[in-house]
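Reading the structure
One letter stands for each residue in the lines below.
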Amino acid sequence: MMPRLRFSLSPASRVAIGLVSLMLTLLLMADVVTGVLPSRLGEAKRAREATAQLLATRLTTALNAGRAEQVGTLMASAMTPESALQGGALFTADGRLLAQRGNHPKGWTLAPAEPSTLDNIRVPIIADERPWGELQLVFAPALPLSLGYWLRDPLVQAIIFVTVFAFIAFHLYLRRMMRYMDPNAAVPERVRTAFDTLSEGVLVLDPEGSIMLANRAFKNMLPPGVGALTGLNASSLDWLVNGLPAKSELPWTEAMRSKAPQLGLPLRVQGPNGANLDLVMNCSPIDDGRGRVRGCLATFSDVTELHERTEGLRVALEALSASQREIEQKNEELTLQATRDPLTGCLNRRALMDLADKRVAEATRDATPLCCIMCDIDHFKSINDQFGHALGDRVIQASVRSLNSGLRGDDLLGRYGGEEFCILLPRTSLEQAFEVAERLRHEVDTHVGIALRQPARPKVTMSFGVALWAPGMDGPAALIDLADQALYRSKQGGRNRVS
Ligand SMILES: Nc1nc2c(ncn2[C@@H]2O[C@H](COP(=O)(O)OP(=O)(O)OP(=O)(O)O)[C@@H](O)[C@H]2O)c(=O)[nH]1
């Protein structure tokens, strides 16, 4: 189905047409009264009256001179194309026809005593100062016969000129004035009322960005002191422009240029009570249904409360995750306290025994070798006695550092007793375990004493005992016991050695 085209005049056009009509009426009335306007008919009338007067004068002269026979000749000589005279007749006062020329019989249409027209002109003839008769002249029809004739008429041309240019001038002027003076002309009252019921702020802009309508909700968002909005260009509304994110093109201009809506634009502005308002702005171009953009509809949703709630939620979440981190940290500390020896940081005896159970189970399951090294600081009592308990503690700490430096990541080191330590080496053969123990012994012997940085440096050594897990043993305690026996042999053998 073909779309129905509806032609409707804008309010500015309708008022402009009315004003032009009024102006033309006044102009024509002025012309009737004063004859100011140039007119072909007026010119023709004046020319014909002049021709008639001239001919009447000549005829009167001839009659006064007694040359009545010249009347016909004079009449014929006046019938030229320029004069448009086509015929004539001269009657005496008693109605006697003295002479007749041209198409007078056909062209003369006036009744006796009827006043002259443009085509039929009667002139009284005065001879010897007495009414002598009447000259009747017939002219070519003066009324227009074609459109071209009309259009060439200066009066018609003047009317067309005035009509066209006055309409354009009035239309432009009215369009501008109506924006300032009569917003209702552009936006009907029922539309404004409907927009006022919305909780969202609404601006209707014309193609130049001037505000044609601002609904109540929008006005309620403004701080005090913002004047009248209708007719104001939205780009001159600092409150709005300053709140927009910095961008080269204004969103409503972009929406109208690209014919695409600009949605979800965040806007932070000052509200009516001075507090900040968080708004979300949407700009949609208004289409006339034929692809032409006639303006823009801008809406403003107040999301301040939503933002405040989101912010509150964010702060609460942050506090929650902070306290969660704190709890985790405390848990870690507790785990550490529960599993670690506070002096050295290595596993305490209980944690060591728990993990030893696992290692033994793994070794049994995977049939991999597992070794245990028991080690003990030599003559530690005399170090304590000689250098004091505090230095004794530092000797223990330095010894653990040395032991740790020679172990792999999955090896376990635990404090078994006062200055006695237990090492578990998963996937390690007895031969490899001896190598490890020897390396550790050497490390302690060469570094721990130096690391103490004491003027009277104590000689610190350790004795080591190595044992291999064998299936059938009675758990990790049996393995440790075996390693302890080997340690005892090292002590018996002179200390600072591996057995
Ligand atoms: N400073 C300090 N001393 C400790 C700690 N734990 C145990 N001791 C002391 O370490 C000493 C161990 O001495 P003993 O068991 O006689 O052994 P030793 O003197 O090292 O002799 P051997 O092991 O036979 O070489 C004791 O005097 C304990 O008081 C501790 O954490 N710090």
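Residues numbered from 1 in each chain as written. Predicted model: local features only at pLDDT ≥ 70, side-chain atom pairs only at ≥ 80, totals over all residues. Heavy atoms only, no water.

Along its length, the protein carries 17 helices and 13 strands. Taking all 499 residues of the protein together, the buried fraction comes to 37%. Here the analysis covers contacts within the protein between residues at least 6 apart in sequence; of these, 57% occur between residues at least 24 apart. (Helix = DSSP H or I, 4+ residues; strand = E, 2+ residues; numbered from the N terminus. Buried < 20%, exposed > 50% of the residue type's maximum accessible area, 1.4 Å probe, protein only. Contact = heavy atoms within 4.5 Å.)

To continue, consider the site of the ligand. Of all residues adjacent to the ligand, which total 16 residues, the nearest are H379, F380, K381, N384 and R415. Residue assignment for the shell around the ligand shows that the elements contributing at least two residues are β10 (370–377), α14 (380–387) and α15 (389–405). Of all the elements, α15 adds the most residues to the shell around the ligand, at 4 residues. For the shell around the ligand, the residue count by class is 3 nonpolar, 5 polar and 8 charged. (Near = heavy atom within 4 Å. Nonpolar A, V, L, I, M, F, W, Y, C, P; charged D, E, K, R; others polar.)

Let's shift gears to unusual backbone geometry. The general pattern is negative phi for most residues beyond glycine and trans for most peptide bonds. Positive phi outside glycine occurs at A367, with the angle close to 55°. Its place among the elements puts A367 in the loop between α13 (349–366) and β10. Despite not being glycine, R495 has its phi angle at roughly 70°, a positive value. As for its placement among the helices and strands, R495 is situated in the segment after α17 (475–492). What makes R495 partly exposed here is its relative accessible area of 29%.

As a further point, take the UniProt feature "transmembrane region" (unreviewed entry) in the protein. UniProt's feature table lists "transmembrane region" (unreviewed entry) at residues 155–174, given in the numbering used throughout. Annotation note: span residues 155–174, helix share 100%, strand share 0%, distance between end C-alpha atoms 27 Å. (UniProt positions renumbered as here; feature names shortened; annotations may be inferred.)

Spatial strand order, β6-β5-β9-β8-β7: 5 strands in an open sheet with antiparallel pairing. Looking along the sheet, the strands with just one partner apiece sit at the ends: β6 (211–214) and β7 (262–270). Adjacent strand axes in the sheet meet at a mean angle of 25° when their direction is disregarded. Of the pairings in the sheet, the one linking strand β5 (residues 201–205) to β6 comprises 3 bridges and is antiparallel in character. The residue bridging L205 from the neighbouring strand is I211, located in β6. Where helix α11 (residues 251–258) meets the sheet, it contacts β5, β7, β8 (276–287) and β9 (293–302), and its direction lies at approximately 20° from that of β8. (Pairing = 2+ DSSP bridges. Axes fitted to C-alpha atoms, helices over the stretch in contact; angles between N-to-C directions.)

Turning next to the pattern of salt bridges. Considering all chains together, one arrives at 23 salt bridges under this definition. R441 is paired through a salt bridge with D445; the nearest N and O atoms lie 3.8 Å apart. Pair noted here: R441 and D445 are both in helix α16 (residues 430–451), with a separation of 4 residues, about one helical turn. This pair shows no difference in class: R441 is buried, exactly as D445 is. In this structure, a network of salt bridges that share partners links the residues R408, D410, D411 and R427. (Salt bridge = Lys/Arg side-chain N within 4 Å of Asp/Glu carboxyl O.)

What follows deals with the nonpolar core. In terms of nonpolar packing, the biggest core is built from 29 residues, with L403 and F421 touching the most fellow members. For this core, the secondary-structure elements that each account for two or more residues are β10, α14, α15, β12 (420–426), α16 and β13 (462–468). Counting 26 residues, the second largest nonpolar core, distinct from the first, contains F218, L240, L265 and L279. (Core = buried A, V, L, I, M, F, W, Y, C linked by side-chain atoms within 4.5 Å.)

Position of N120 relative to the elements: it lies in strand β3 (residues 120–127). The buried category is assigned to N120, whose relative accessible area is 2%. For N120, the side chain forms a polar contact with the main-chain nitrogen of T109, separated by 2.7 Å. When sequence neighbours within four positions are dropped, the list of residues in contact with N120 reads G107, W108, T109, L110, L137 and V138. (Polar contact = N/O pair within 3.5 Å; in protein donor to acceptor, adjacent residues only side chain to side chain.)

Quick look at α14 now. Every buried residue belonging to α14 is among F380, I383 and N384, and all of these are buried. Axial view of α14: buried residues confined to an arc of 100°, hence all on one face. Among the exposed residues of α14, those oriented more than 90 degrees off its buried face are K381, D385 and Q386. Contact partners of the buried residues in α14: β10 and α15. Where α14 ends, the next residue or the one after it, G388, has phi of about 100°, a positive value. (Arc of directions from axis to C-beta.)

Our next topic: the pairing of β7. Across 7 bridges, β7 lies against β8 in antiparallel orientation. Pairing of P266 across the sheet is with V280, part of β8. The turn joining β7 and β8, which pair antiparallel and follow one another in sequence, is formed by 5 residues; a positive phi near 90° is taken by G274.

Let us look at the sheet that holds β3. Across a sheet, paired strands are connected by hydrogen bonds in the backbone, their directions being either parallel or antiparallel. One open sheet holds the 4 strands; their spatial order is β2-β1-β4-β3, and the pairing between them is antiparallel. Each edge of the open sheet is held by one strand with a lone partner, namely β2 (97–102) and β3. Here the strands of the sheet are splayed against their neighbours by 15° on average, with no regard to which way each runs. Strands β1 (85–92), β2, β3 and β4 (130–139) of the sheet are contacted by helix α2 (residues 40–64), whose axis makes an angle of about 30° with β3.

Once that is clear, we can look at the packing of α13 against α17. At a minimum axis distance of 8 Å, the contact between α13 and α17 shows a crossing angle of 100°. Judged by the inter-axis angle, α13 sits roughly perpendicular to α17. Along its contact with α13, which presents M353, A356, D357 and V360, the element α17 presents P476, A477 and I480. Classifying every residue of the contact of α13 with α17 by side-chain character gives 6 nonpolar, no polar and 1 charged. (Parallel < 35°, antiparallel > 145°, perpendicular 65-115°, else oblique.)

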